[in-house]
Amino acid sequence: MKLFSERLKDLRKIKNLTQKQLAEILRTTNSSICDWECGRSQPDFETLVCIAEFFEVSADYLLGLEDESGAKTNGNS
């Protein structure tokens, strides 16, 4: 889930948030955010929805199934 890791980190930085601040917003731990951004683990479905809602992007975008414009990708990017 390399794309998820990269997109989460990019979105967090765009909002000028630290991992700790994002963890507080999502009601999770700083280490979870770090693990997600490093690709060591992924959030559960409910948390993925919260991330998408907070950053105002689709879950498909976070998962690499669509690009920034909303166009579907092959998922292998």
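Quick caveat, the model's predicted, so the values are computed rather than measured. (Residues numbered from 1 in each chain as written. Predicted model: local features only at pLDDT ≥ 70, side-chain atom pairs only at ≥ 80, totals over all residues. Heavy atoms only, no water.)

Participant: Even after reading the chapter, I still don't get the nonpolar core, so can you show me in this structure?
Facilitator: One recurring pattern in soluble globular proteins is that nonpolar side chains are buried together. Counting 15 residues, the largest nonpolar core has F4, L8, L22, W36, I51 and L62 as its most contacted members. Listing elements by their share of this core, those giving two or more residues are α1 (2-14), α2 (19-26), α3 (30-38), α4 (45-55) and α5 (59-63). When neighbours within four sequence positions are excluded, W36 is seen to be in contact with F4, S5, L8, L26, T28, S41, Q42, P43, T47 and I51. (Core = buried A, V, L, I, M, F, W, Y, C linked by side-chain atoms within 4.5 Å. Buried < 20%, exposed > 50% of the residue type's maximum accessible area, 1.4 Å probe, protein only. Helix = DSSP H or I, 4+ residues; strand = E, 2+ residues; numbered from the N terminus. Contact = heavy atoms within 4.5 Å.)

Participant: Is there a simple way to explain the pattern of salt bridges in this structure?
Facilitator: When the charged atoms of two side chains lie near each other, side chains of opposite charge can form a pair. One pass over the full model with this rule turns up two salt bridges. E37 is the partner of R12 in a salt bridge, and the nearest nitrogen-oxygen pair spans 2.6 Å. Here the residue R12 occupies a position in helix α1, and E37 occupies one in helix α3, the gap between them amounting to 25 residues. (Salt bridge = Lys/Arg side-chain N within 4 Å of Asp/Glu carboxyl O.)

Participant: I keep staring at the packing of aromatic side chains and nothing clicks. Help me out?
Facilitator: Remark: the centre distance and the inter-plane angle together describe each pair of aromatic rings, the angle taken between the planes. Using the criterion set out here, one finds one aromatic pair in the structure. Seen from their ring centres, F54 and F55 are 4.9 Å apart, and the 75° between their planes marks the pair as edge-to-face. When its relative accessible area of 26% is taken as the criterion, F54 is described as partly exposed. Seen from the ring of F54, K15 lies directly overhead, with NZ or CZ sitting 4.9 Å from the centre. (Phe/Tyr/Trp six-rings, centres within 6.5 Å; stacked < 30°, edge-to-face > 60°. Lys NZ or Arg CZ within 6 Å of the ring centre and 35° of its normal.)

Participant: Teacher, can you tell me more about the environment of Q19 here?
Facilitator: When you line up the elements, Q19 lands in helix α2. Measuring from C-alpha to C-alpha, the distance between Q19 and I33 comes to 6.0 Å, with 14 residues separating the pair along the chain. Excluding its chain neighbours within four sequence positions, the residues that come into contact with Q19 are R12, N30, I33, C34 and E37.

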